Amino acid sequence: MTGWKSIYNGDDMSQNDKQPWSRQAFEAELRGMEKYYHIHHPYHVLMNEGKLTREQIQGWVANRYYYQVSIPLKDANILANCPDRETRAKWIQRILDHDGHPGDPGGIEAWIQLGLAVGLTREDIVSEKYVLPGVRFAVDAYVNFARHAEWHEAASSSLTELFAPKIHQQRLDNWPEHYPWVEKEGYIYFRKRLTEARRDVEHGLEITLDWYKTREQQERMIKILQFKLDVLWTMADSMYMAYIHKMPPYFNIQP
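Note that the structure is a prediction, hence the values are computed from the model and not measured.

Undergrad: Describe the nonpolar core, with residues and values.
TA: Within the largest apolar cluster, 74 residues are counted, with the highest numbers of intra-cluster contacts made by Leu30, Trp60, Trp175, Phe190 and Met235. The element best represented in this core is helix α11 (residues 215-244), accounting for twelve residues. Setting aside anything within four residues of it in sequence, one finds Trp175 in contact with Met47, Ile57, Trp60, Leu114, Gln170, Pro180, Val182, Tyr187 and Phe190.

Undergrad: Outline the packing of helix α3 (residues 54-81) against α11, listing residues and values.
TA: At a minimum axis distance of 10 Å, the contact between α3 and α11 shows a crossing angle of 145 degrees. Crossing geometry of α3 relative to α11 is assigned as right-handed. Along its contact with α3, which presents Gln56, Gly59, Trp60, Asn63, Arg64 and Tyr67, the element α11 presents Lys228, Leu232, Met235, Met239, Tyr243 and Ile244. Of the residues that constitute the contact of α3 with α11, the class distribution is seven nonpolar, three polar and two charged.

Undergrad: Summarise a negative patch on the surface; cite the residues concerned and give the values.
TA: A surface patch of negative charge is lined by Asp84, Glu86, Glu202 and Glu206. Tracing the backbone through its elements, the reader meets Glu202 in helix α10 (residues 188-211). Glu202 gets classed as exposed once you look at its relative accessible area, which sits at 61%.

Undergrad: Which residues make up unusual backbone geometry, and what values do they have?
TA: Unusually for a residue other than glycine, Glu128 sits at a positive phi of about 60 degrees. You can call Glu128 partly exposed: its relative accessible area is 22%.

Undergrad: Residue-level account of the packing of aromatic side chains, with values.
TA: All told, the structure shown has 15 aromatic pairs when counted by the stated rule. The interplanar angle of 85 degrees and the centroid separation of 6.3 Å between the aromatic rings of Trp111 and Phe190 together place this pair among those described as edge-to-face. With Trp111 in helix α5 (residues 107-117) and Phe190 in helix α10, this pair connects stretches of sequence that are 79 residues apart. Plain terms: the ring middles of Tyr187 and Phe190 are 6.5 Å apart, the flat faces sit at 40 degrees to each other, and that makes the pair tilted. The two residues Tyr187 and Phe190 agree in class, both being buried. In textbook terms, an aromatic cluster arises when at least three aromatic residues are bridged by ring pairs, as seen for Trp60, Trp111, Trp175, Tyr179, Trp181, Tyr187, Tyr189 and Phe190. Lying across the ring of Trp91, Arg94 places its NZ or CZ 3.6 Å from the centre. Positioned above the aromatic ring of Tyr66 is the side chain of Arg136, whose terminal nitrogen or guanidinium carbon lies 4.6 Å from the ring centre.

The rules behind each value
- Residues numbered from 1 in each chain as written.
- Predicted model: local features only at pLDDT ≥ 70, side-chain atom pairs only at ≥ 80, totals over all residues.
- Heavy atoms only, no water.
- Core = buried A, V, L, I, M, F, W, Y, C linked by side-chain atoms within 4.5 Å.
- Buried < 20%, exposed > 50% of the residue type's maximum accessible area, 1.4 Å probe, protein only.
- Helix = DSSP H or I, 4+ residues; strand = E, 2+ residues; numbered from the N terminus.
- Contact = heavy atoms within 4.5 Å.
- Axes fitted to C-alpha atoms, helices over the stretch in contact; angles between N-to-C directions.
- Left-handed = near helix turned anticlockwise from the far one by under 90°.
- Nonpolar A, V, L, I, M, F, W, Y, C, P; charged D, E, K, R; others polar.
- Patch = residues over 30% accessible without salt bridge, like charges linked within 9 Å, V, L, I, M, F, W, Y side chains within 5 Å.
- Areas by Shrake-Rupley, 256 points an atom, 1.4 Å probe, with all protein chains shown as cover.
- Salt bridge = Lys/Arg side-chain N within 4 Å of Asp/Glu carboxyl O.
- Lys, Arg positive; Asp, Glu negative; His and termini not counted.
- Charge placed at Lys NZ, Arg CZ, Asp CG, Glu CD.
- Phe/Tyr/Trp six-rings, centres within 6.5 Å; stacked < 30°, edge-to-face > 60°.
- Lys NZ or Arg CZ within 6 Å of the ring centre and 35° of its normal.

Interpretation in functional terms is not warranted from these geometric data alone.
Following this line, the structure appears as structure tokens:
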């Protein structure tokens, strides 16, 4: 278990004698969690180096679709628990970004276009028939957290977006060279999120830095962010087992 951190690891954080971090130091602590971001997972390292096969890219796109369609559900739960009108007016844009609105088909449709660009059919993607149990379990845990958590905590869990522009830019920079068979229409999602994620980070950081005032609260937030990082890492673990090691769930069970 060495090196694994989770919101559920039972650590005692009631250390009231500690002074709270300054606003700048707290933000630095949050940004320092980038070392646990799934950009460093072996699956994504192989992807960035151009070492995944067509089938491995397709598996990632098909599974990540489940995350994409669940994000608006997560955000709707945050809105349902948030009594602040001004926050809701800003946060609702995240749902529109993914689900779409007049003039913009949205991020979910853009992800489907990525699936088509890597050789999947629309039915392959939207049927969710290739979604691995571990991926589904991790994503559902995230949506369930947003449903039941205090709304500030649920909102701040989204701050893995601090690290997202880098991974999207890597794909825009490297995929055309490493995976020339991917049709160019597939890159729309990554371009959209470069702008949207930066805007969302600004709002999410404002909520987070304003809300967590004591050191105990700030350390609680670090655990929440670690939980969300665990979700993303676990998704990649499931895909690594299934598509790199060729050991999908029940691979050793005879039908």
